[in-house]
Amino acid sequence: MLDLKALEKNFEEIAAKLKKKKVDEKLLLKLKELFVKLKKERSKLENLQAIQNKKSKLFPVYKKEGKDINELKRELEENKEKIAVSQTIVRDLENELYDIALMIPNIPDEDVPEGDGEEDNVEIKKVLTPPQFSFKPKEHWELDPNGYYLDFKRGVKLAKSRFTVLKHKAALLERALINYMIDFNKKRGFEEVAVPYLVNRESLISTGQLPKFENDLFKIEEENLYLIPTAEVPLTNLFRDEILKKDDLPIKLTSYTACFRKEAGSAGKDTRGMIRQHQFDKVELVAITRPEDSDKVFWEMVSCASDLLSSLGLAHRLVMLCGGDLGFSAAKTIDLEVWFPGQNRYREISSVSNTRDFQARRAMIRFKDENKKNRLVHTLNGSSLAVGRTLIAIMENYQKEDGSFEIPEVLKPYL
RNA sequence: CGGGGGAUGGCUGAGUGGUCGAAAGCGGCGGUCUUGAAAACCGUUGAGGCGCAAGCCUCCGGGGGUUCGAAUCCCUCUCCCCCGGCCA
């Protein structure tokens, strides 16, 4: 959530920055006005409450002194009416305010490039060169036309489209990758955690998936729980409503989970193969830091994911997302795109984001600083990596002319 | 899923209508003592909002109600624990 006080103070500046994310300035103005109005009405209410509190305390005194109570009682009954009216106004304003505030995305960092979408993202660097083939490399589903490794047909039979069954070496490789990634991340100082795959509404509001993206989530209606779209949600929410000790920061976590997404807006996109699934495995990184440390940790996370790809021998590039492509909660995002020889292009395999205090404010994650002040932390998240996409990247990059594929050296101990 | 019991500050836990934002203990922080530490002793210690400040307001799981006044009474929802059943 935006800092409403900052919005009130520096409206022009914030509105200008949010233009990068295509936020309607009129809506922002409305938000600001609601905030000012709310503060005014609230202080009016508080004055009335102060009167009520003070005078109510006279009752025991009057009784002791044997004074008449009726006059006082009448007065307070009247005041009570005023309080009720004011309270209703305050509550309505609050509801209206939060309905809007929760729908406004994070402010992009200064260095986030302008742009409307993917085509305006800025390549930062390329790592490793894509492999050369003496034949025309195939896409992963072409490598395996009979569904020996990736059984799309049976995935559909069991659930619906965008579900896949992994078999033989692919199933083994999936599991090996998960273990390899977690071990790799642990060496970089990220602590392994195992978390629930179902979370409640509050958790999803805190990390920014709700209320805006309800349609992207699988929901268990009768339980009021949602399947996690990413481990970022449970990992970040671990610290919701907590005040952390300054010495505990930064907290750096890694976790493997399955992830579930409805892919509501992706009709027709990547329908073939395993690029875009309703259920996929991912090893995630999450960090909770002091505000002054979040940039440093951000680049640590980018390096962690990039080095991981390099260790698997996968050519990739780093791309900084432009304002228009930036996610709802992110102030800055670097995508890692891995080379897919069959598609002859780079595709996203990891995304590292700094949300600054945006999620922390929603989730009320704070720390006590050296002056004993409670301050919001910064939260960061990144994939390291999307396991299914890594699997097919390996299949494509390590493919041989006969359709078989090699296994990267570093994974062999894991098989 | 059936039966019972709960939800109070970082934790344990007292508080059943009136200066209760809340006893006590633990923990944390500061100090005394000590070469240093432990122990002991003393002090201090919830969060949010408004305000230059003094100060005021809100918060005892969430929501609603009764009352001049609610942590305390009523309604409702959620969650947790125990016993039994089922089960990885």
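If you're wondering where the values come from, they're calculated on a predicted model, not measured in any experiment.

Conventions used here
Residues numbered from 1 in each chain as written. Chains lettered and ligands numbered in written order. Predicted model: local features only at pLDDT ≥ 70, side-chain atom pairs only at ≥ 80, totals over all residues. Heavy atoms only, no water. Buried < 20%, exposed > 50% of the residue type's maximum accessible area, 1.4 Å probe, protein only. Helix = DSSP H or I, 4+ residues; strand = E, 2+ residues; numbered from the N terminus. Pairing = 2+ DSSP bridges. Expected span 1.5 Å × (residues − 1). Contact = heavy atoms within 4.5 Å. Axes fitted to C-alpha atoms, helices over the stretch in contact; angles between N-to-C directions. Phe/Tyr/Trp six-rings, centres within 6.5 Å; stacked < 30°, edge-to-face > 60°. Near = heavy atom within 4 Å. Polar contact = N/O pair within 3.5 Å; in protein donor to acceptor, adjacent residues only side chain to side chain. Nonpolar A, V, L, I, M, F, W, Y, C, P; charged D, E, K, R; others polar. Parallel < 35°, antiparallel > 145°, perpendicular 65-115°, else oblique. Left-handed = near helix turned anticlockwise from the far one by under 90°. Arc of directions from axis to C-beta. Core = buried A, V, L, I, M, F, W, Y, C linked by side-chain atoms within 4.5 Å. Domains from an automatic or database assignment. Buried area = accessible area lost by both parts, 1.4 Å probe. Salt bridge = Lys/Arg side-chain N within 4 Å of Asp/Glu carboxyl O.

## Topic: the pairing of strand E11 (residues 316-320)
And step 1. Of all 5 residues in E11, 4 are buried, a share of seventy percent or more.
And step 2. Examined bridge by bridge, strand E1 (residues 122-127) and E11 share 5 bridges and lie antiparallel to one another. Its bridge partner lying in E11, Val-122 is registered against Met-320.
And step 3. In the sheet, E11 pairs with strand E12 (residues 332-340) via 5 bridges, with the strands oriented antiparallel. Among the inter-strand pairings, Arg-317 is bridged to a residue of E12, identified as Glu-337.

## Details of helix H5 (residues 70-101)
Structural remark: α-helix, 3.6 residues per turn; residues separated by three or four positions point the same way.
And step 1. Taking 1.5 Å of rise per residue, the 32 residues of H5 would be expected to cover 46 Å, and the 46 Å separating its terminal C-alpha atoms lies within 8% of that figure.
And step 2. Along H5, the positions that sit buried rather than exposed are Leu-72, Leu-76, Asn-79, Ile-83, Ser-86, Val-90, Leu-93, Leu-97, Ile-100 and Ala-101.
And step 3. Those residues of H5 that are buried are in contact with helix H1 (4-9), helix H3 (25-56), helix H4 (58-65) and helix H12 (358-363).

## Comments concerning the sheet that holds strand E8 (residues 243-245)
And step 1. Spatial ordering of the open sheet is given by E8-E14-E15, a layout of 3 strands whose pairing is mixed. Because the sheet does not close on itself, it has two edges, and the strands there are E8 and strand E15 (374-376). Ignoring which end each strand starts from, the neighbouring axes of this sheet average 40° apart.
And step 2. As defined by bridge partners, strand E14 (residues 366-368) adjoins E15 across 3 bridges and the pair is classed as antiparallel. Note on E15: the bridge partner recorded for Arg-366 is Leu-376.

## Observations regarding the packing of aromatic side chains
And step 1. Per the counting criterion, the structure on display carries 9 aromatic pairs.
And step 2. Between Tyr-148 and Tyr-149, the aromatic rings sit 5.0 Å apart at their centres with planes inclined by 75°, giving edge-to-face as the arrangement.
And step 3. By relative accessible area, Tyr-149 is classed as buried at 14%.
And step 4. Here Phe-328 and Phe-358 contribute two aromatic rings whose centre-to-centre distance is 5.6 Å and whose plane-to-plane angle is 80°, an arrangement assigned as edge-to-face. One end of the pair, Phe-328, is in the loop between E11 and E12; the other, Phe-358, is in helix H12, and 30 residues separate them in sequence.
And step 5. A residue is classified by how much of its surface remains accessible, and Phe-328, at 11% relative accessible area, is buried.
And step 6. Relative accessible area serves as the criterion here: at 1%, Phe-358 is assigned to the buried category.

## Quick notes on the protein's contact with RNA strand B
And step 1. Around RNA strand B there are 22 residues in total, and Ser-56, Phe-59, Lys-63, Arg-91 and Arg-366 lie nearest to it.
And step 2. A share of 78% is what sugar and phosphate atoms reach among the atoms of RNA strand B within 4 Å of the protein.
And step 3. One of the side-chain N or O atoms of Lys-368 is found 2.9 Å from a phosphate oxygen in RNA strand B.
And step 4. Asn-374 is positioned such that a nitrogen or oxygen atom in its side chain is 3.2 Å from a phosphate oxygen of RNA strand B.
And step 5. Taken together, the elements giving at least two residues each to the surface near RNA strand B come down to H3, H4, H5 and E14.
And step 6. At 8 residues, H3 tops the list of elements feeding residues into the surface near RNA strand B.
And step 7. The residue inventory of the surface near RNA strand B, partitioned by class, reads 5 nonpolar, 5 polar and 12 charged.

## Focus on the packing of H3 against H5
And step 1. Running from N to C, H3 and H5 point in directions that differ by 155°, and their axes come no closer than 8 Å. Judged by the angle between their axes, H3 and H5 are roughly antiparallel. Two packed elements cross with a definite hand, and for H3 against H5 that hand is left-handed.
And step 2. When grouped by side-chain class, the residues that make up the contact of H3 with H5 number 17 nonpolar, 6 polar and 10 charged.

## Things to note about helix H2 (residues 11-19)
And step 1. Every buried residue of H2 is accounted for by Phe-11, Ile-14, Ala-15 and Leu-18. Take H2 and look down its axis: the buried residues cluster within an arc of 100°, on one side only. H2 presents Glu-12 and Lys-19 as exposed residues on the side facing more than 90 degrees away from its buried surface.
And step 2. Considering only its buried residues, H2 is in contact with H1 and H3.

## A short note on the nonpolar core
And step 1. One finds Leu-150, Leu-173, Leu-177, Met-301, Leu-336 and Leu-411 to be the most contacted residues of the largest nonpolar core, which totals 47 residues.
And step 2. Of all the elements in the fold, those that place two or more residues in this core are helix H8 (168-187), strand E10 (279-289), helix H11 (294-311), E11, E12, strand E13 (345-354), strand E16 (378-386) and helix H13 (387-397).
And step 3. Excluding its chain neighbours within four sequence positions, the residues that come into contact with Leu-411 are Leu-173, Ala-176, Leu-177, Tyr-180, Leu-312 and Ile-394.
And step 4. Counting 24 residues, the second-largest nonpolar core is a separate cluster that includes Leu-4, Leu-7, Leu-38 and Leu-48.

## Examining the environment of Glu-33
And step 1. Structurally, Glu-33 is set in helix H3.
And step 2. Since its relative accessible area comes to 47%, Glu-33 is described here as partly exposed.
And step 3. Separated by 109 residues in sequence, Glu-33 and Glu-142 place their C-alpha atoms 57 Å apart.

## With respect to the domain arrangement of chain A
And step 1. The assigned domain composition of chain A is domain 1 (4-101) and domain 2 (118-414).
And step 2. Centre-to-centre, using C-alpha coordinates, domain 1 lies 43 Å away from domain 2.
And step 3. Contacts between the two partners involve 4 residues from domain 1, matched on the other side by 7 residues from domain 2.
And step 4. Around 310 Å² of area is buried between domain 1 and domain 2 when both sides are counted, 48% of it from carbon and sulfur atoms.
And step 5. Scanning the region where domain 1 abuts domain 2 turns up 0 salt bridges.
And step 6. Across the contact surface, domain 1 and domain 2 share 3 residue pairs in polar contact (both at pLDDT 80 or more).
And step 7. Its residues assigned to classes, the side of domain 1 that touches domain 2 shows 1 nonpolar, no polar and 3 charged.

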